[in-house]
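So you can see what is in the structure, the chains are spelled out below.
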Amino acid sequence: MTETERVTRGIPVLTSYTDDDLADGRAALLSGWSTGSEPGLVITRAAGALVWDAKGNEYIDCTSMAWSNNIGASVPEVVDAAFAQARQLSHLRSNFDSVPLLLLSKAMTDAAPGDLKRIGFTLHGSLAVEMAMKLALLNRPAHTGPFLALTDGYHGRSLASMGLGWPHVNHAFDRAYPPVLRVPQPYAYRSGRTPDEEVDYCIAELRDAIARRATGLPPAFFMEPIQGNGTQLDFPGRYYHEVRRVCAEHDILLVFDEVQTGFGRTGRMWAAEHYGVIPDILVFGKGVGGGFPLAGVLASTALAGFQAGDEALTFGEFPVSLAAGLAALRVLHRDGLLQACAEMGRYATAALQAIRPRHRLIGDIRGPGLLIGVELVRDQQTREPATAETLEVYRRAMDLGVIFGTTRYAGLGHVLKVKPPFTVTHAQLDRVVEVLDQVLTAVENR
Ligand SMILES: Cc1ncc(COP(=O)(O)O)c(C=O)c1O
């Protein structure tokens, strides 16, 4: 045995490894996943809306793998673009520009709504949220108060972004969070108020928070235009306009976190376009990289950008992801996937509404596009969250080859997410609804 063979012997290769190698790797991992319901499930392949595990089982993926494979998994043009860029130049220091960086900056800002014509890139939604926080602090130096955020918002799991959302209290990380003041989001289905009353209530709470509860003016108000982890919740149209008005009155920057709602997920490029409100900063991530890590912010031209050193991460402007993003954007438009998302969203929602009358567990079904939430309740009157039942539905559906998402927000976990890639077929959606129908019946008759 040569010296090289000896020192590389223990390092497994992707083309030949043992189950023990995988088990050792799993035992070494620090991270755990919250449901505990996928023990040892190794996914080895994905294409379009399908994924396969190591045993060859096929699943319809209603999670788009964390809402990221918007244009489908393993899209050849995207993979080819990433490969070509990796061969040419996979990495460079952030004080140099790469061609994909400049081309994607142009393409994304050309298509951005309103005056969101400046852009910054990074690799994760959480870091893009932090980029937005920094931009707000830079541009509102006299606003020394806390950030504003919605009670059930979710903005990531880096320390600062985690501080903006869940989990809220009594968590080991609390002591390192930035100052944040939370205000309630409209949730008329649960509050019992009418949507209009709910908007009035939430806006009054926002005004009260700014006037009486914040020590100093907040630099920015962060909200997801449609809450993802926070129960797949969209708000009455008037709410967005009222929020915009209150922020403008106090010169507070409005930040839309579109990490989940963006890149076509609602049937439009950005959810902001549904409501006719343009934020000062729009945070993007997930789908933009076509399956590669890519995130960032679009910012108003009225805002000052960063100075050297303010925002420079070693892999922040990763050329491979930027090239993938450019290809993903092209595929999104070339293949009419915004329209496909809107159309498939309507199809899936109608099919879900059709099974609703025979299921006492279904409390609410909400969209838009392929950002569908199905809220499960134990009782149609009290609307008690059906948390254990949701997990059971999730597990049983997985056994039948459909992977749903579940919101695990704030320990509720009672909303199923139906958010497949936009390339999902009618036949696949029919199967998804058929499986849901079947497992809901089983859980209800238990
Ligand atoms: C709305 C929202 N913001 C931010 C993030 C964080 O993105 P990432 O996990 O890429 O850091 C997520 C991820 O789920 C998200 O849904």
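See the structure above.
Everything in this summary refers to the structure shown in the same document.

About the thresholds
- Residues numbered from 1 in each chain as written.
- Predicted model: local features only at pLDDT ≥ 70, side-chain atom pairs only at ≥ 80, totals over all residues.
- Heavy atoms only, no water.
- Axes fitted to C-alpha atoms, helices over the stretch in contact; angles between N-to-C directions.
- Helix = DSSP H or I, 4+ residues; strand = E, 2+ residues; numbered from the N terminus.
- Parallel < 35°, antiparallel > 145°, perpendicular 65-115°, else oblique.
- Left-handed = near helix turned anticlockwise from the far one by under 90°.
- Contact = heavy atoms within 4.5 Å.
- Pairing = 2+ DSSP bridges.
- Core = buried A, V, L, I, M, F, W, Y, C linked by side-chain atoms within 4.5 Å.
- Buried < 20%, exposed > 50% of the residue type's maximum accessible area, 1.4 Å probe, protein only.
- Near = heavy atom within 4 Å.
- Polar contact = N/O pair within 3.5 Å; in protein donor to acceptor, adjacent residues only side chain to side chain.
- Areas by Shrake-Rupley, 256 points an atom, 1.4 Å probe, with all protein chains shown as cover.
- Nonpolar A, V, L, I, M, F, W, Y, C, P; charged D, E, K, R; others polar.
- Disulfide = S-S within 2.5 Å.
- Phe/Tyr/Trp six-rings, centres within 6.5 Å; stacked < 30°, edge-to-face > 60°.
- Arc of directions from axis to C-beta.

**Considerations on the packing of helix α14 (residues 387–399) against helix α15 (residues 426–444)**
- Across the interface, α14 lies against α15 with an axial gap of 9 Å and an inter-helix angle of 130°. What the angle tells us is that α14 and α15 run oblique. Between α14 and α15 the crossing geometry is right-handed. Contacts between α14 and α15 pair Glu389, Glu392, Val393, Arg396 and Ala397 from the former with Val435, Leu436, Val439, Leu440, Ala442 and Val443 from the latter.

**Brief notes about the sheet that holds strand β1 (residues 43–47)**
- Read across the sheet, four strands follow the order β1-β2-β3-β15 without closing on themselves; strand pairing throughout is mixed. Sheet topology places β1 and β15 (402–403) at the edges, where each strand pairs with a single neighbour.
- Pairing analysis gives four bridges linking β1 to strand β2 (residues 50–53), with the strands arranged antiparallel. Each residue of the ladder has a partner; that of alanine 46, found in β2, is valine 51.
- On the sheet, α15 packs against β2, β3 (58–61) and β15 and is oriented at approximately 95° with respect to β3.

**Thoughts on the nonpolar core**
- Core analysis: the biggest nonpolar cluster contains 69 residues, and Ile71, Val374, Leu376, Phe404 and Leu436 have the highest contact counts within it.
- Apart from the residues lying within four places of it in its own chain, the contact partners of isoleucine 71 are Val78, Phe263, Gly290, Ala328, Val331, Leu332, Leu337 and Thr423.
- Judged by nonpolar contacts, the second largest core, of 32 residues, contains Leu181, Val199, Ile226 and Ala271.

**Looking at the site of the ligand**
- Every residue close to the ligand is listed here: His124, Gly125, Ser126, Tyr154, His155, Gly156, Glu224, Asp257, Val259, Gln260 and Lys286.
- Within the contact set of the ligand, an oxygen atom lies 2.8 Å away from a backbone nitrogen or oxygen of glycine 125.
- Aspartate 257 places a polar side-chain atom, nitrogen or oxygen, 2.7 Å from a nitrogen atom of the ligand.
- Contact with the protein chains hides 84% of the accessible area of the ligand, taken as 390 Å² for the molecule alone.
- Split into classes, the residues belonging to the shell around the ligand amount to two nonpolar, six polar and three charged.

**Focus: the sheet that holds strand β16 (residues 405–406)**
- Within the open sheet, the four strands sit side by side as β13-β14-β17-β16. Their pairing is antiparallel. If you trace the sheet from one side to the other, it starts and ends with β13 (362–366) and β16, each paired once.
- Of the strands in this sheet, β13, β14 (372–376) and β17 (415–418) are in contact with helix α13 (residues 337–355), which crosses β14 at around 20°.
- The strands touched by α14 within the sheet are β14, β16 and β17, with β17 carrying the most contacts at an inclination of about 35°.

**Concerning the state of the cysteines**
- In total, this model carries zero disulfides according to the counting rule given.
- We note that cysteine 62 lacks a disulfide partner, and the nearest cysteine sulfur, in cysteine 341, lies 13 Å from it.
- Residue cysteine 62 is classed as buried on the basis of its relative accessible area of 0%.
- Cysteine cysteine 202 shares no disulfide, and the gap to the nearest cysteine sulfur, in cysteine 247, comes to 14 Å.

**Thoughts on the packing of aromatic side chains**
- Taken as a whole and assessed by the stated rule, the structure comprises nine aromatic pairs.
- With a centroid separation of 3.8 Å and an interplanar angle of 15°, the aromatic rings of tyrosine 240 and tyrosine 275 are classed as stacked. On the criterion of sequence distance, the pair formed by tyrosine 240 in helix α10 (residues 237–250) and tyrosine 275 in helix α11 (residues 272–275) is long-range, its members being 35 residues apart.
- Residue classification places tyrosine 275 among the buried residues on the basis of a relative accessible area of 13%.
- Measuring from ring centre to ring centre gives 6.4 Å for phenylalanine 315 and phenylalanine 318, while their planes differ by 90°; the resulting arrangement is edge-to-face.

**Some words on the environment of leucine 135**
- Looking at where leucine 135 falls in the secondary structure, it is placed in helix α6 (residues 125–139).
- Looking at leucine 135, the relative accessible area reads 5%, which means it is buried.
- In the structure, leucine 135 is positioned 25 residues away from alanine 160 in sequence and 14 Å away in space, judged by C-alpha atoms.
- Sequence-distant contacts of leucine 135, that is, excluding residues within four places in its chain, are made with Ile281, Val297, Ala299, Ala304, Gly305 and Phe306.

**Examining α10**
- Inspection of α10 places Tyr239, Tyr240, Glu242, Val243, Val246 and Cys247 among the buried residues, and these make up the whole buried set. All buried residues of α10 fall inside an arc of 165° around its axis, so they share one side.
- Aspartate 251, located one to two residues past α10, shows a positive phi value of around 60°.

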